[in-house]
Amino acid sequence: PPPARRAHGPRQRMDAELLRDNALSIAGILNPAIGGKSIKPYQPEGTWEINEMSGYKYEKSKGTDLYRRGLYVYWRRSTVYPSFVTLDAPTREFCMTQRAKTPLQSLVLMNDPVFVEAARAMAQRILANPTVLDQGQRLELAWRLALARKPLPQEIAILTRTLEQQLSTYRVDPSAAKALASVGDLEKPAAINDVELAAWTALCNVLLNLNETISN
């Protein structure tokens, strides 16, 4: 008999809150705690003050609270969390039956401190894993963490080339490597040098931004 055929619908990009949760989960730093107070993640400086009349200042959450799920992000209708709005979250001023997807998602996923720190955490997770010691094994682990499948040979080739390019870039610019390897509040392991961590962070940032990674 002919092989069975699978039918499936088109991929749909995750909603804003789930994109953040997905990145933190892949990075291994998602805080799954249930209930409690709202949290305040990273956001551009001065954003909160635009509509502030009472002098109240935005105070970023600290510790593990910073990595709680998007469900708990503090919501203020007059100054909505920029990352979520740029993706597709509604302002909640009126009912919406469908969220609008925007092409600006890559600007958030590649540059927002939440996702850059998640990429760094993912890189640290890979480099600190005692069971994967060579580059090939690490690349395969990174791919599996992000996409939950084994990479194809051509995909490994692309990852290898990308990593080598990033290593070359940061070897000649150690200050840029240090800056990238220091994004966020997450503690940086002393045993991992900045150049290696920055290169892997850049690679993981790409993986977290793949269409397959951010779709369901």
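Residues numbered from 1 in each chain as written. Predicted model: local features only at pLDDT ≥ 70, side-chain atom pairs only at ≥ 80, totals over all residues. Heavy atoms only, no water.

A. Geometry of helix 4 (residues 113-127). Under the 1.5 Å per step criterion, the end-to-end length of helix 4 is 21 Å for 15 residues, consistent within 8% with the ideal 21 Å. Burial within helix 4 is extensive, with 13 of its 15 residues counted as buried. The backbone nitrogen of Val114 lies 2.8 Å from a side-chain oxygen of the residue at the head of helix 4, namely Asp112. (Helix = DSSP H or I, 4+ residues; strand = E, 2+ residues; numbered from the N terminus. Expected span 1.5 Å × (residues − 1). Buried < 20%, exposed > 50% of the residue type's maximum accessible area, 1.4 Å probe, protein only. Polar contact = N/O pair within 3.5 Å; in protein donor to acceptor, adjacent residues only side chain to side chain.)

B. Spatial organisation of the pattern of salt bridges. Taken as a whole and assessed by the stated rule, the structure comprises seven salt bridges. Between Arg138 and Glu196 there is a salt bridge, and its shortest N-O distance comes to 3.4 Å. One end of the pair, Arg138, is in helix 5 (residues 135-147); the other, Glu196, is in helix 8 (residues 194-208), and 58 residues separate them in sequence. Given the relative accessible area of 14%, Arg138 is considered buried. (Salt bridge = Lys/Arg side-chain N within 4 Å of Asp/Glu carboxyl O.)

C. Local environment of the packing of helix 5 against helix 8. At a minimum axis distance of 10 Å, the contact between helix 5 and helix 8 shows a crossing angle of 35°. In this structure, the crossing between helix 5 and helix 8 has a hand that is right-handed. Here Gln135, Arg138, Leu139, Ala142, Trp143 and Ala146 of helix 5 lie close against helix 8, whose contacting residues are Glu196, Trp200, Leu203 and Leu207. Residue composition of the contact of helix 5 with helix 8, by class: seven nonpolar, one polar and two charged. (Axes fitted to C-alpha atoms, helices over the stretch in contact; angles between N-to-C directions. Left-handed = near helix turned anticlockwise from the far one by under 90°. Contact = heavy atoms within 4.5 Å. Nonpolar A, V, L, I, M, F, W, Y, C, P; charged D, E, K, R; others polar.)

D. Quick peek at the packing of aromatic side chains. Counted under the stated rule, the structure contains four aromatic pairs. Aromatic pair Tyr81 and Phe84: ring centres 4.8 Å apart, planes at 75°, arrangement edge-to-face. Site record: aromatic cluster; members linked through ring pairs are Trp48, Tyr58 and Tyr74. One Lys or Arg, Arg76, reaches over the ring of Trp48 and ends 4.3 Å from the middle of that ring. (Phe/Tyr/Trp six-rings, centres within 6.5 Å; stacked < 30°, edge-to-face > 60°. Lys NZ or Arg CZ within 6 Å of the ring centre and 35° of its normal.)

E. Region of the structure containing the nonpolar core. Core analysis: the biggest nonpolar cluster contains 56 residues, and Met122, Tyr170 and Trp200 have the highest contact counts within it. Elements that contribute at least two residues to this core include exactly helix 1 (16-27), helix 2 (82-87), helix 3 (105-111), helix 4, helix 5, helix 6 (153-171), helix 7 (174-180) and helix 8. Setting aside anything within four residues of it in sequence, one finds Trp200 in contact with Ala123, Ile126, Leu127, Gln135, Arg138, Leu139, Ala142 and Leu163. (Core = buried A, V, L, I, M, F, W, Y, C linked by side-chain atoms within 4.5 Å.)

F. Quick look at the side chain of Gln124. Summarising the element assignment, Gln124 is placed in helix 4. Apart from the residues lying within four places of it in its own chain, the contact partners of Gln124 are Leu186, Glu187, Lys188, Pro189, Ile192 and Leu197.

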